Structures are given as structure tokens and as C-alpha cells.
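Secondary and tertiary structure notes
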Amino acid sequence: MGLSAMVAMAATLVSMLHGGPQFLYALFFGISLHCLSDDQKAKAGIEFCARGLLRFGVGLLGARITAGQIIALGWETALIVIAAVISTIALAILLGRLLGMSRAQTVLAGGAVAICGASAALAISAVLPREKDGDRFTLMVVVAVTLLSTIAMVVYPALAKLLGLSPDQAGLFLGGTIHDVAQVVGAGYTLSREAGDHATIVKLLRVALLTVVVVAVACAFTRQRHEARAARAQDHRPARQPLVPWFLWMFVAMVIANSIGMFSPVFQSGLNDASRACLVVAIAALGIKTSFSGLARLGWRPFMLLLVETVWMAALVLAIIEFRTA
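Residues numbered from 1 in each chain as written. Predicted model: local features only at pLDDT ≥ 70, side-chain atom pairs only at ≥ 80, totals over all residues. Heavy atoms only, no water.

Here helix 16 (residues 301-325) spans 37 Å end to end across 25 residues, near enough to the 36 Å set by a 1.5 Å rise per residue. Of the positions making up helix 16, those classed as buried are Pro302, Leu305, Leu306, Glu309, Thr310, Met313, Ala314, Leu316, Val317, Leu318 and Ile321. Where the residues of helix 16 are buried, they touch helix 5 (75-98), helix 6 (103-114), helix 8 (134-162), helix 9 (167-177) and helix 11 (193-220). (Helix = DSSP H or I, 4+ residues; strand = E, 2+ residues; numbered from the N terminus. Expected span 1.5 Å × (residues − 1). Buried < 20%, exposed > 50% of the residue type's maximum accessible area, 1.4 Å probe, protein only. Contact = heavy atoms within 4.5 Å.)

Okay, structure coming up:
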């Protein structure tokens, strides 16, 4: 556990000093220490960070959201966001099948783009059945969505200006299409305070949908997860697993507590920082478990799938905005 935490702190320091995505630094620093992944003293801590600490960090994400923020968006905006999320995941499943990827891989890629990038990828991977290249594929998705989100943070505000979008329209476009929360904030406030505020709330609606998506994925893959556990344990009568994982109950509890004002601004900020710290440590641990050669073996298909999803989501939201103003 100390090794993963050390990598996470190094990534955080580099991000603070030089800018750039903290998650990506943690991933690459972790991969550079792959030689330590089989060390018996470090192995248990790495596994705990990659799974247990990951789940705890996802649960804490709920502290970012209140019910009031979601309601304030209105039903039209909510429907646009929901349509974009569902269609993006559906496109990933369809296109991923044509590219020869497994159903679990397509769902993971679709959810990462549709919801909140690396955080969604980690949350969804936690309820998917264990596959041979599962951890490698998760890291490939984290790398790709972080890269695409960084590009979108630069390109999308310029596109919003070129199209003459109002602050509310720009906020809907940025919050409804960019993958990572931090990059949505950066892109939104590049335009104006109004656009930044609206983009952040729209993005939080997408984050709130994480619970629904993860529960749906857990339901869809219940049988496969049980079979995988039975195969590993050589026992064909595995214990029944809860349909809704504990970290999703924690997520919902955080949303409720934040909605009724239980968290002061300072405490809420601390929970958000703790959530991000847990996720950075988890990505560092996943990086330590993975090698560059392992990532390279996954080929070009995952990146192509994520790129098409990203373009689709941006085009769909822009088309709806233009249709509403026509």
C-alpha cells in the first residue's frame, strides 16, 4: 500500500508543479515500477489499493452532488444528458462487437466516455467479471479517455465560441461531452463564469448517473461474475453476491447527506480531495500491475472505439443544441 501511495504522491507533486493530468502521471509512474508487482511484501498492498481503495474512492464521489443541483437543470437538459449517455454506451456495445471486443470491454469503454472518464472506468471495472486482460484494458481506457478529455478541454471551448453558443448552451455542450470533471471545470471557466457554473452542474448530473449505470452493469454481468468466482475457487456453488455493491450504497448516502446540508463546505471539500486521492492511489496500483508491453498488446481497437464514442457524443449534443435554437 505504501508503494502505491508513494507513486500517487509523486504524480500529485508533478501535476501541481508542471500541470497536466494527475491520473495519467500516476498511471505511467506505476507502470515504470511494474518490476515490483510480484514482490511478496508489496503484492497484498497493491491488490488492496487496486480494488478496495478504488471502491471507497468511488463511494466518496457522491459528496460532489446534491439533488437540488440536478433538479435546477430542468427536465429538457436532463433528457439530453440521459439520451447522450445511453446512446454512447449503445454505440460502444455495437461498434465494439464489430471490432471483436468482449461485451465487458465494450461496456467499460462506453461507460467511461458516457459518464466521467477514468473515475467511471474504475467504478464499472469493479463490478465486471475478471477477465485475462481486464486490468490492462481498464488502464488502456484510462489512458485514452484522459488524453481525449485533455484534447477536448482545449478544443471544445474554441468550438463553442466559433458556433456562437450562449453561456447556457456552452455549459450544456462542455458538461455533457467532456469526460473528466476537472477538465469540464477548466473548459467552462475558460469561456465565462456562467458557462463554467452551468457546465459543472451538467457534468455532475452525468456523475450522478454513474450509480444507475453501475447497477445496470452489475445486473447484466451477475451470472458471469459468479461463474468466474466459482472457477477460481473450484466451487460451482458460489455465495450469492449483493446486486448493488456496498460502494454504490455509500455513493447514494453521500448524495443524500450532501443534499440535506450535512456537509459544511470545508468538510465537503475534504471528502472530494479524499475521493480523488483514493482514485489516484488506485490507478497507481493498477499501473504497477501492468507493463507497457501488456498495454501495447491490446492494439489500436480500444482507442479507436473511444475516439468514435467521443466524437459521437459531441456531435449529438451539438446537434440537439442547434435543433433547439432553430
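Along the chain, threonine 177 falls in helix 9. What makes threonine 177 buried here is its relative accessible area of 1%. Side-chain polar atoms of threonine 177 contact the backbone oxygen of phenylalanine 173, separated by 2.4 Å. If we ignore the near neighbours within four places in the chain, the residues touching threonine 177 are Tyr156, Arg206, Met313, Ala314 and Val317. (Polar contact = N/O pair within 3.5 Å; in protein donor to acceptor, adjacent residues only side chain to side chain.)

Another point: the packing of aromatic side chains. A full pass over the atoms with the stated rule returns three aromatic pairs. Look at tyrosine 25 and phenylalanine 29: their rings are 6.2 Å apart centre to centre, the planes differ by 15 degrees, and that puts the pair in the stacked class. Here tyrosine 25 and its partner phenylalanine 29 are both found in helix 2 (residues 22-32), four residues apart, which amounts to about one turn of the helix. Lying across the ring of phenylalanine 221, arginine 103 places its NZ or CZ 4.4 Å from the centre. (Phe/Tyr/Trp six-rings, centres within 6.5 Å; stacked < 30°, edge-to-face > 60°. Lys NZ or Arg CZ within 6 Å of the ring centre and 35° of its normal.)

Let us look at the nonpolar core. Ile115, Phe173 and Leu210 are the most contacted members of the largest nonpolar core, which has 101 residues in total. Per-element tally for this core: the top contributor is helix 11, with twelve residues. Leaving out residues up to four positions away in the same chain, phenylalanine 173 has contacts with Tyr156, Leu159, Ala160, Leu165, Ala314, Val317, Leu318 and Ile321. Core analysis: the second largest hydrophobic core is formed by seven residues, Leu60, Met254, Phe263 and Leu271 among them. (Core = buried A, V, L, I, M, F, W, Y, C linked by side-chain atoms within 4.5 Å.)

Turning our eyes to something else, we now look at the layout of surface pockets. Considered as a void within the structure, the largest pocket measures approximately 420 Å³ in volume. As for the largest pocket, its lining consists of 25 residues, of which Glu131, Asp133, Gly134, Asp135 and Arg136 are closest to the centre. Elements that contribute at least two residues to the lining of the largest pocket include exactly helix 3 (40-60), helix 6 and helix 8. When grouped by side-chain class, the residues that make up the lining of the largest pocket number nine nonpolar, seven polar and nine charged. (1 Å grid on protein atoms, 1.4 Å probe; cavity = no way out; pocket = protein on both sides within 12 Å on 5 of 7 lines; lining within 4 Å. Points joined across faces, edges and corners; volume = space filled by probe spheres on them. Nonpolar A, V, L, I, M, F, W, Y, C, P; charged D, E, K, R; others polar.)

Further remarks concern the environment of threonine 150. The topology assignment puts threonine 150 in helix 8. Along the backbone, threonine 150 and leucine 24 are 126 residues apart, and their C-alpha atoms lie at a distance of 11 Å. Here threonine 150 is in contact with Pro21 and Gln183, once residues within four sequence places are set aside.

Attention now moves to empty space enclosed by the protein. Counted by the stated rule, this structure contains one cavity of 30 Å³ or more. The computed volume of the largest cavity comes to approximately 70 Å³. Lining the largest cavity are Phe23, Leu61, Arg64, Cys116, Ser119, Asp180, Val181, Val207, Arg276 and Leu279. Among the residues forming the lining of the largest cavity, the class breakdown is six nonpolar, one polar and three charged.

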